[in-house]
Amino acid sequence: MPARDRDEGWLDGSADGTHRSGPELAVLQGALLSAGVPVLPRVAVGARYLLAEAHTAAGGDWYDAVVLPDGALGLVVGDVVGHGVAASAAMGQLRAVACHCLESGASPAAVLTALDRFARDLGDAHSATVCVAVLNPATGSLRVSSAAHPPPLLLTATGCRYLGRPAGPLATGARYAESADRLADGDLLLLYTDGIVERPGVHPAQGGSDLAEAAAHVRGELDGGPAAQRFCDAILTLLVRSTGYRDDVTLLAAHRHPPLGEVELTLPDAPVAVTTTRAALDAWLSALGVDGDTATAIQHAVGEVVTNAVEHAYADRPGGPNTVDVHVDLTATGVVEIAVADHGRWRAPGDPPYRGMGLTMAVELVDDVRIERGQSGTTVRLRHRPRRAVTMSTRPAGTPIASMPDEPFLAALTPDDDPDAVLVVHGPVDAAGAVELRDHLRSATGNGTVSRSVDLSRVTLLASAGVRVLHEACDRSTAHRERLRLMAPQGSPAHHVLELVGLHPVERI
């Protein structure tokens, strides 16, 4: 699962005399919440969680976006009174019960009824508020039920409106009713906690009006594509920065949009197949709003499989016409399914010992890899369930920081007259970059006769082609009783891959 993003921040000392930093609280709160939100073909989900700066303990707000067995999407936002261990523990238990009920097919009202019964025996959950919605992405049908929670906001092409009439909070024996609605393509649903409307100096009624006005304004500014995450970020920027905030703020948005289609490619068995697949997959994943870490994992795994097909499937019949077929789709339940097919002959990994690492790496990068070998060729099927990481902040939201695109491949040796010169590598080491890296390594190491260090901290992608080059360079150095020292910090793309393939890097740069 992808890592949850965190903004820097610092909170005041707690009542027990300890001090906890904003990132520490974000980690603690994050451990109690969903690891992210799902990625689906007809609805984009976005979320933000803003920890109140005045609080020095994890709170009782929570959110969940649960893909149900029939492809429907369950959305939950809740708020347990108070902060600290008791509130967080109660929140975690309520969240688990709600998810279980939704996945068992319960309606929104039935989920609240079950939570109400459960909360009666859980003193710290008394008076908790919860809103539950179930959205069918295919039809747009929506059912909503609320236990004393602020009503969700629906934004349509003609305006916005609040939905439903909340009943009593949990543990009160209230009767929970449901309201029904429908989302057209382009409509957006927002669930939230009261921290966004009960801001300092703002009456709650005015806060509700402010939220509706801000939501309509922000929605009008977002042009094209899945807008849920950008919407949540912009709402926080617009409202919280103007007044500050005193309580935790949770936002959960669902934006229904037209289907984005599939990727269907038939490519020649040439290196261009790898770059063409990467470009098509990058555009498709970007349109889905997949986060950077997940997109990198999928891209890397697919690139390895396509490279294998190009290099090995038609080795016994060069010149073609030979093709590699790539099919990519996102299922209704949020699983990316990829099929890479050739019409050649399967070749088992052989010498040197580091051949065949591409499939090994692919298995580590995605949830499932299956190989189907037959008389007419080989099909490799990859499956991965992506989740978009949720930003957790300990200060008012600011301008979102865009992820940096890949740099061009670069490699340069620090001054030649330095006996401890280092080869510094930048950017993606894919099939093309690996060719350049091999030349740089041969030159920098005197074809293995000079010990050298290689700084991989700035490498954004280390494909198996690059790993192969590094293996070869290490073998050459060892043969001459020299050493090739690979340096990559913990957590970097290069460190992860090198550990995976047994080339243990030095972390200190």
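Residues numbered from 1 in each chain as written. Predicted model: local features only at pLDDT ≥ 70, side-chain atom pairs only at ≥ 80, totals over all residues. Heavy atoms only, no water.

(A) Quick peek at the nonpolar core. Tyr63, Leu75, Leu94, Leu115, Leu170, Leu189 and Leu252 are the most contacted members of the largest nonpolar core, which has 58 residues in total. Sorting elements by how many residues they give to this core places helix 2 (residues 85-103) first, with nine residues. Residue contacts for leucine 115: discarding those within four places in its chain leaves Leu94, Val97, Ala98, Val130 and Leu170. Grouped together as the second largest cluster of nonpolar side chains are 34 residues, Leu285, Ala295, Val328 and Val369 included. (Core = buried A, V, L, I, M, F, W, Y, C linked by side-chain atoms within 4.5 Å. Buried < 20%, exposed > 50% of the residue type's maximum accessible area, 1.4 Å probe, protein only. Helix = DSSP H or I, 4+ residues; strand = E, 2+ residues; numbered from the N terminus. Contact = heavy atoms within 4.5 Å.)

(B) Here's a closer look at the side chain of histidine 149. With respect to the helices and strands, histidine 149 occurs in the loop between strand 8 (141-147) and strand 9 (153-156). The class of histidine 149 is buried, set by a relative accessible area of 2%. Here the side chain of histidine 149 touches threonine 129 through a polar contact of 2.8 Å, side chain to side chain. (Polar contact = N/O pair within 3.5 Å; in protein donor to acceptor, adjacent residues only side chain to side chain.)

(C) A look at the pairing of strand 14 (residues 263-268). Here strand 14 shows one buried face, formed by Val263, Leu265 and Leu267, and one open face, formed by Glu264, Thr266 and Pro268. Where strand 14 and strand 15 (residues 323-330) come together, six bridges link them in antiparallel fashion. The residue bridging threonine 266 from the neighbouring strand is aspartate 325, located in strand 15. (Pairing = 2+ DSSP bridges.)

(D) Expanded view of the environment of histidine 100. Among the secondary structure elements, histidine 100 is positioned in helix 2. Between the alpha carbons of histidine 100 and valine 111 there is a distance of 9.0 Å; along the sequence they are eleven residues apart.

(E) Just the confidence of the model for the protein chain, in detail. In the predicted model, the protein chain carries a mean pLDDT of 84, and 85% of its residues have values of at least 70. When the criterion is pLDDT under 50, residues 1-21 qualifies, and its contacts beyond four places in sequence or with other chains add up to 62 contacts. Low pLDDT, under 50, characterises residues 397-405; the stretch is placed with eight contacts to residues that sit more than four places away or in other chains. (pLDDT = per-residue confidence, 0-100.)

(F) Highlighting the side chain of arginine 199. Note on placement: arginine 199 falls in the loop between strand 12 (188-192) and helix 4 (204-221). Within polar-contact distance, the side chain of arginine 199 engages the side chain of aspartate 210 at 3.5 Å.

(G) Inspection of the environment of serine 453 at higher detail. Note on placement: serine 453 falls in strand 23 (residues 452-462). Using a relative accessible area of 14% as the deciding quantity, one classes serine 453 as buried. Distance in space between the C-alpha atoms of serine 453 and valine 424 is 8.6 Å, their sequence separation being 29 residues. Beyond its immediate stretch of four places on either side in the chain, serine 453 contacts Ala421, Val422, Leu423, Arg485 and Met487.

(H) Spotlight on the packing of helix 7 (residues 292-312) against helix 8 (residues 357-365). Running from N to C, helix 7 and helix 8 cross one another at 155 degrees; their axes reach a closest spacing of 9 Å. In this view, helix 7 runs roughly antiparallel relative to helix 8, as classed from their interaxial angle. Where helix 7 crosses over helix 8, the two elements pack in a sense that is left-handed. Of the residues in helix 8, those in contact with Ala297, His300, Ala301, Glu304, Val305 and Asn308 of helix 7 are Gly358, Leu359, Met361, Ala362 and Leu365. Class assignment for the residues of the contact of helix 7 with helix 8 results in seven nonpolar, three polar and one charged. (Axes fitted to C-alpha atoms, helices over the stretch in contact; angles between N-to-C directions. Parallel < 35°, antiparallel > 145°, perpendicular 65-115°, else oblique. Left-handed = near helix turned anticlockwise from the far one by under 90°. Nonpolar A, V, L, I, M, F, W, Y, C, P; charged D, E, K, R; others polar.)

(I) Structural view of the sheet that holds strand 20 (residues 391-393). The strand order across the open sheet built from six strands is 10-9-12-13-4-20, with neighbouring strands paired in mixed fashion. Bordering the open sheet on either side are strand 10 (159-162) and strand 20, each of which pairs with just one other strand. Neighbour-to-neighbour, the strand axes of the sheet open up by a mean angle of 15 degrees, direction not taken into account. When strand 4 (residues 43-50) meets strand 20, the two strands line up parallel, connected through three bridges. Across the sheet, tyrosine 49 pairs through a bridge with methionine 392, a residue of strand 20. Sheet strands in contact with helix 4 are strand 9, strand 10, strand 12 and strand 13 (249-256), and its direction is about 30 degrees off that of strand 9. The strands touched by helix 5 (residues 228-243) are strand 4, strand 9, strand 12 and strand 13; relative to strand 4, the strand with the most contacts, the crossing angle is about 35 degrees.

(J) Broad picture of the packing of helix 2 against helix 3 (residues 108-120). Following both chains from N to C, one finds helix 2 and helix 3 inclined at 145 degrees, their axes separated by 9 Å at the closest point. Between helix 2 and helix 3 lies a crossing of right-handed hand. Residue-level inspection shows Gln93, Leu94, Val97, Ala98, Cys101 and Leu102 of helix 2 in contact with helix 3, the latter providing Val111, Ala114, Leu115, Phe118 and Ala119.

(K) A look at the sheet that holds strand 17 (residues 368-374). With respect to topology, five strands assemble into an open sheet ordered 14-15-16-18-17, the strand pairing being antiparallel. Looking along the sheet, the strands with just one partner apiece sit at the ends: strand 14 and strand 17. With strand direction ignored, the average angle separating the axes of adjacent strands in the sheet is 15 degrees. Sheet contacts for helix 6 (residues 272-288): strand 14, strand 15 and strand 16 (336-342); angle to strand 14, the most-contacted strand, approximately 170 degrees.

(L) Up close: helix 2. With 19 residues, helix 2 extends 27 Å between its outermost C-alpha atoms, agreeing within 8% with the 27 Å of an ideal straight helix rising 1.5 Å per residue. Turning to helix 2, its buried residues number three or more, namely Ala87, Ser88, Ala90, Met91, Leu94, Arg95, Val97, Ala98, Cys99, Cys101 and Leu102. After helix 2 finishes, the residue glycine 105 shows a positive phi value of roughly 95 degrees. (Expected span 1.5 Å × (residues − 1).)

(M) Representation of helix 4. Relative to the 26 Å expected for 18 residues at 1.5 Å per residue, helix 4 spans 25 Å between its end C-alpha atoms, a close match to the ideal helical length. Looking at the buried residues of helix 4, the elements they touch are strand 9, strand 10, strand 12, helix 5 and strand 13.

(N) Here's a closer look at unusual backbone geometry. The phi torsion at alanine 171 lies on the positive side, around 70 degrees, for a residue other than glycine. Take alanine 171: it is sitting in the loop between strand 10 and strand 11 (179-182). The partly exposed category is assigned to alanine 171, whose relative accessible area is 22%. With a phi close to 60 degrees, arginine 481 is a non-glycine residue in the positive phi region. Relative to the elements of secondary structure, arginine 481 occurs in the loop between helix 10 (464-479) and strand 24 (484-487).

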